[in-house]
Structures are given as C-alpha cells and as structure tokens.
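Spelled out, the chains give:
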Amino acid sequence: MNSHQLLKGKKGIIFGALDENSIAWQVALKAHEQGAQFVLSNAPVALRKKDIFQLAELTNSQVISADVTQVSELEDLFAETMRLLDGKLDFILHSVGMSPNVRKSIPYEDLNYDYMMKTLDVSAISLHKMLSVAKRMDVINDWGSVVALTYIASQRTFSSYSDMAQAKAVLESIVRQFGYHYGRSNNVRINSISQSPTKTTAGTGVSGFNSFYYYAHDMSPLGNADAMACADYCITLFSDYTRMVTMQNLYHDGGFSSMGISNKLIEQYEQCFDPTRED
Ligand code: NAI
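Please read all numbers here as calculations on a predicted model, not as lab measurements.

How each quantity is defined
- Residues take numbers from 1 onward in each chain, read along the sequence in its written order.
- Only residues with pLDDT of at least 70 get local features here, since the model is predicted, and only at 80 or more are side-chain atom pairs given and counted; chain-wide, interface and lining totals rely on the full set of residues.
- By convention in this description, side-chain values take in all heavy atoms of the structure and omit both hydrogens and water.
- Nearness is defined per residue: one heavy atom within 4 Å of the molecule or strand is enough.
- Counted as a polar contact is a pair of N or O atoms within 3.5 Å, where, for protein atoms, one must be capable of donating a hydrogen and the other of accepting one, and residues adjacent in sequence contribute only when both atoms are in side chains.
- In short, Shrake-Rupley with a 1.4 Å probe defines the accessible areas, and a residue's cover is counted only from the protein chains shown.
- Cavity means a closed set of points on a 1 Å grid over the protein atoms alone, one where a 1.4 Å probe fits but cannot get out, pocket means an open set with protein on both sides within 12 Å along at least 5 of 7 lines, and lining means a residue has an atom within 4 Å of a point.
- Throughout, a molecule is located in a cavity or pocket provided that more than half of its atoms lie within 2 Å of its grid points.
- Segments assigned H or I by DSSP are reported as helices when at least four residues long, segments assigned E as strands when at least two residues long, and all are numbered from the N terminus.
- Gly is put with the polar residues, along with every residue not named as nonpolar or charged; the nonpolar set is Ala, Val, Leu, Ile, Met, Phe, Trp, Tyr, Cys and Pro, and the charged set is Asp, Glu, Lys and Arg.
- Using a 1.4 Å probe on the protein chains alone, a residue whose accessible area is under 20% of its type maximum counts as buried, one over 50% counts as exposed, and one in between counts as partly exposed.
- Grid points are joined across faces, edges and corners, and a volume is the space filled by probe spheres set on the points.
- When DSSP finds at least two bridges between two strands, those strands are taken to pair.
- To get an axis, fit a line to the C-alpha atoms, keeping to the stretch in contact for a helix; angles then go from 0 to 180 degrees between the N-to-C directions.
- Roughly parallel refers to an angle under 35 degrees, roughly antiparallel to one over 145, roughly perpendicular to one between 65 and 115, and oblique to any angle outside these ranges.
- It is the rotation of the near helix from the far one that decides the hand of a crossing: anticlockwise by less than a right angle makes it left-handed, clockwise makes it right-handed.
- Here, residues are in contact when the closest pair of their heavy atoms is within 4.5 Å.
- Pairing of aromatic side chains here covers Phe, Tyr and the six-membered ring of Trp, requires ring centres within 6.5 Å, and sorts the geometry by plane angle: under 30 degrees stacked, over 60 edge-to-face, intermediate tilted.
- We count a charge as sitting over a ring when the NZ of a lysine or the CZ of an arginine lies within 6 Å of the ring centre and within 35 degrees of the ring normal.
- Nonpolar cores are built from buried Ala, Val, Leu, Ile, Met, Phe, Trp, Tyr and Cys residues. Side-chain atoms within 4.5 Å join them into one set.

Asker: Could you clarify how one ought to interpret the site of the ligand in this entry?
Answerer: Of all residues adjacent to the ligand, which total 28 residues, the nearest are S22, N42, K168, T198 and T200. T198 has a polar backbone atom sitting 2.7 Å from an oxygen atom of the ligand. Against a free-state accessible area of 820 Å², the protein chains account for coverage of 93% of the ligand. Spatially, the ligand is embedded in the largest pocket. Looking at the shell around the ligand, the elements that each hand over two or more residues are β5 (140-150), α7 (164-186) and α8 (201-204). When residues of the shell around the ligand are assigned to their parent elements, the largest contribution, three residues, is made by α8. Of the residues in the shell around the ligand, the class split is 14 nonpolar, twelve polar and two charged.

Asker: Got a minute to help me understand unusual backbone geometry in this structure?
Answerer: One non-glycine residue, N60, lies in the positive phi region at around 55 degrees. Tracing the sequence through the fold places N60 in the loop between α3 (51-59) and β3 (62-65). Exposure remark for N60: the relative accessible area of 69% places this residue in the exposed category.

Asker: Explain the layout of surface pockets to me, please; I cannot follow it from the model alone.
Answerer: Gaps left between atoms are located by rolling a probe of water-molecule size over the structure's atoms. Its boundaries defined by the atoms lining it, the largest pocket holds a volume of some 1200 Å³. Listing elements by their share of the lining of the largest pocket, those giving two or more residues are β2 (37-42), α2 (44-47), α5 (100-103), α6 (113-136), β5, α7, α8 and α9 (209-219). The element that contributes the greatest number of residues to the lining of the largest pocket is α8, accounting for three residues. Tallied by class, the residues present in the lining of the largest pocket amount to 21 nonpolar, 16 polar and four charged. Space inside the second largest pocket adds up to approximately 170 Å³. Residue lining of the second largest pocket: N21, Q26, P197, T198, K199, Y213, H217, N224, A225, D226, A227 and M228, and that is the complete set. When grouped by side-chain class, the residues that make up the lining of the second largest pocket number five nonpolar, five polar and two charged.

Asker: Help me understand the sheet that holds β2, please; the structure alone is not making it clear to me.
Answerer: Where strands meet in a sheet, backbone hydrogen bonds hold them as pairs that are either parallel or antiparallel. The strand order across the open sheet built from seven strands is β3-β2-β1-β4-β5-β6-β7, with neighbouring strands paired in parallel fashion. Two strands in the sheet have a free side with no partner beyond their single neighbour: β3 and β7 (249-252). Neighbouring strand axes in the sheet, compared pairwise and without regard to direction, differ in orientation by 20 degrees on average. In this structure, β2 lies alongside β3, joined through four bridges in parallel fashion. In the sheet register, N42 faces β3, and the bridge partner there is S65.

Asker: Got a minute to help me understand empty space enclosed by the protein in this structure?
Answerer: For the coordinates displayed, the defined rule picks out one cavity of 30 Å³ or more. Lining the largest cavity we find Y151, I152, S194, Q195, S196, P197, A216, N224, Y251, D253 and F256. For the lining of the largest cavity, the residue count by class is six nonpolar, four polar and one charged.

Asker: What is the right way to read the packing of helix α1 (residues 23-33) against α3 from this model?
Answerer: Packed helices, taken two at a time, are described by the angle between their axes plus the distance between the axes. Running from amino to carboxyl end, α1 crosses α3 at an angle of 15 degrees, the nearest separation of the two axes being 10 Å. The angle between the axes of α1 and α3 places the two elements in the roughly parallel class. α3 is crossed by α1, and the crossing has right-handed handedness. Contact residues: W25, A28, L29 and H32 in α1; D51, I52, Q54, L55, L58 and T59 in α3. Classifying every residue of the contact of α1 with α3 by side-chain character gives six nonpolar, three polar and one charged.

Asker: Explanation requested: the packing of aromatic side chains in the structure shown.
Answerer: What characterises a pair of aromatic rings is the spacing of the ring centres plus the angle enclosed by the ring planes. Per the counting criterion, the structure on display carries ten aromatic pairs. Between Y215 and F256, the ring centres sit 6.2 Å apart and the planes meet at 75 degrees, which makes this aromatic pair edge-to-face. Separated by 41 residues along the polypeptide, Y215 in helix α9 and F256 in the loop between β7 and α11 (263-271) bring together distant segments of the chain. Look at Y215 and you get partly exposed, because its relative accessible area is 42%. Members of the aromatic cluster, joined through ring pairs, are Y151, F158, Y161, F212, Y215 and F256. Stacked on the ring of Y213, the Lys or Arg K199 has its end atom at 4.4 Å from the ring centre.

Asker: Would you explain the nonpolar core in this entry?
Answerer: Side chains that are nonpolar tend, in soluble globular proteins, to be buried together. Ranked by size, the top nonpolar core spans 49 residues in total, and within it F15, F78 and Y161 carry the most contacts. Those elements giving two or more residues to this core turn out to be β1 (11-15), α4 (71-85), β4 (89-94), α6, β5, α7 and α9. Non-local contacts of F78, meaning those with residues more than four positions away in its chain, are made with I13, L89, I92, M130, V133, A134, M137 and V139. By size, the runner-up hydrophobic cluster in this structure holds 30 residues, among which are I23, A24, F38 and A231.

Function cannot be read off these values alone, since they describe shape.
This is the structure we're talking about:
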C-alpha cells in the first residue's frame with residue numbers, strides 16, 4: 001500500500017513486537033511508512049530474543065523494556081519516551097497477551113488461579129495501568145488514540161481459549177469504561193480491534209489453533225484478516241480520519257462475526273456426514 005503519510009508528525013509507543021510474525025511488528029512497519037515516530041516496548045524477557053532490535057533499525061526507533069504489569073516500569077517508559085521523542089504522544093498500541101494456563105495446557109475446568117490472575121494482569125489490567133499512568137502523567141495529546149487487540153472469544157465460547165476469554169472480556173470492558181473518562185478529560189479515544197486468528201507466537205500457543213484458523217477462514221466471506229491488514233486498520237485508528245470513533249470493539253475478521261455457517265463449511269460437513277445417523 002502507498003504511503004499517504006497518514007501519521008506524519010505523530011508520536012507513539014508500540015507494545016508487543018516479539019518477532020516478525022507479531023501483529024505489533026507489522027503495525028510498526030506501517031506506522032513508520034506512514035511517517036510516525038515511536039518507541040518499541042516489550043517485556044525484558046522478550047528483548048532477550050533480540051529480533052525487536054532489527055525492527056528498531058528498520059523503523060529508526062528506540063527500544064525500551066517494560067513489563068506492562070509493573071506501574072513503575074510504565075512510568076519510567078512514558079517519561080523516557082517523551083524525552084526521546086521530544087513531546088507528548090498521539091498513539092499507543094497495546095498488543096500484549098499471555099496466559100500461563102494456556103501455556104501449560106491446564107484444562108479450563110481446573111484452572112490454576114494464580115496463573116489466572118497473571119493472565120488477567122498481563123492481558124487486560126495492563127491496559128488500565130497504561131491508561132492510568134498515561135493520564136496521570138499527561139502523556140497523550142488531545143485527540144490521541146489508543147488501540148488494544150482482542151479476540152471474539154470474549155463474546156462467544158471458543159472451547160480451548162481458556163482464561164484468555166475472560167482476559168479479553170475484561171480488556172474490552174476497560175476500553176469502554178476508560179474510553180469515557182479519557183474522552184471527557186482529554187478527547188483521547190480508546191478502541192479494541194477484534195482480529196481474526198493470526199499465525200503468531202501467542203496465537204499458535206492456543207490448543208487447536210489450526211482448527212480455529214481454517215474454520216474461521218472457511219466461514220468468513222473475505223477469509224481471515226492477516227497481520228498486515230490488521231496493521232492497516234490500526235493506522236486508520238491512529239490517524240485523524242477516525243477522530244470520533246471511541247469505546248468500540250471493532251471486528252477485523254473478514255466477516256466472521258456476522259456469520260452462522262458458510263457454503264464451504266456445509267460442503268465439508270456433508271463430506272464427513274454419517275448417512276446412517278438418526279438423531
Ligand atoms: P505475539 O506473541 O507476537 O505478541 C504478544 C506479545 O505480548 C509478545 O511480544 C510478548 O512479549 C508480549 N508480552 C507478554 N507478556 C508481557 C509483559 N508482561 N509485558 C510486556 N509485554 C508482554 O502474538 P500476537 O498474536 O501478535 O499478539 C498480540 C495481541 O493480539 C494479543 O493481545 C493477542 O491476544 C491479540 N490477538 C491475537 C490473535 C492471534 O490469533 N494471533 C487473534 C486476536 C487477537
């Protein structure tokens with residue numbers, strides 16, 4: 001896609017680029033292409049993977065580590081970012097998620113509750129912490145934009161999504177409620193993008209990911225949205241063309257969320273249908 005310099009003069013922080021498959025990685029590439037300046041941030045443990053420094057070179061940006069569950073690290077990050085970028089921010093991407101229960105394949109009915117608290121803290125409450133620190137430190141310019149990534153399992157049951165479903169429901173609720181407060185005080189808009197299954201480290205960690213992926217692809221009239229398309233959508237939300245959009249959960253899923261069943265899935269189901277079945 002051509003650069004229209006939609007983000008020329010805008011400054012931001014992009015959380016969550018782990019490697020080139022990460023959604024945040026694609027957002028960083030597009031934001032750079034569209035003229036933005038930004039800092040890349042990720043957890044200290046993720047920086048050990050080193051890929052993010054390659055992205056920093058490609059996008060002429062700096063990397064600052066922060067564990068999003070630690071308020072003091074977020075305070076330091078925001079202060080250092082405003083110093084490096086010489087001013088307040090116009091956009092923040094929250095592209096962060098992790099569930100120890102999912103990682104350790106613990107069955108949903110037997111969740112480890114310490115792990116569940118970690119899931120909620122990293123994947124949802126971290127957005128509240130970011131927004132709270134940003135508001136207190138007056139980090140975001142008027143009409144700035146914050147985007148968080150979510151998944152439809154917040155609204156419907158996807159049997160193996162485990163406690164990440166609760167985390168996404170909390171995340172979307174924070175988007176709505178903080179969207180009110182930050183909108184009233186500073187005209188800052190806050191939205192979540194509900195993205196198609198995408199082949200990333202976080203995505204493929206969910207058990208049965210390939211079935212999620214191909215089922216959604218065959219259900220959706222446009223097929224699954226990939227990370228690059230998601231990045232395009234993020235750019236529009238950071239731009240001045242969406243100034244009155246806030247407190248929304250926006251589906252970016254090729255039409256999946258409006259479907260019941262598709263002809264493709266009917267055909268596939270019929271192929272494995274048992275003709276002797278009587279119930
Ligand atoms: P990813 O694994 O590339 O990104 C997740 C990021 O979260 C990683 O960079 C990781 O280091 C970071 N992270 C984990 N704990 C952290 C902490 N304590 N502090 C700071 N950062 C931390 O995977 P992906 O898919 O790009 O995930 C980004 C977002 O997109 C997540 O919120 C995910 O739930 C969401 N999403 C992903 C979908 C998929 O199928 N991949 C579908 C819909 C939403």
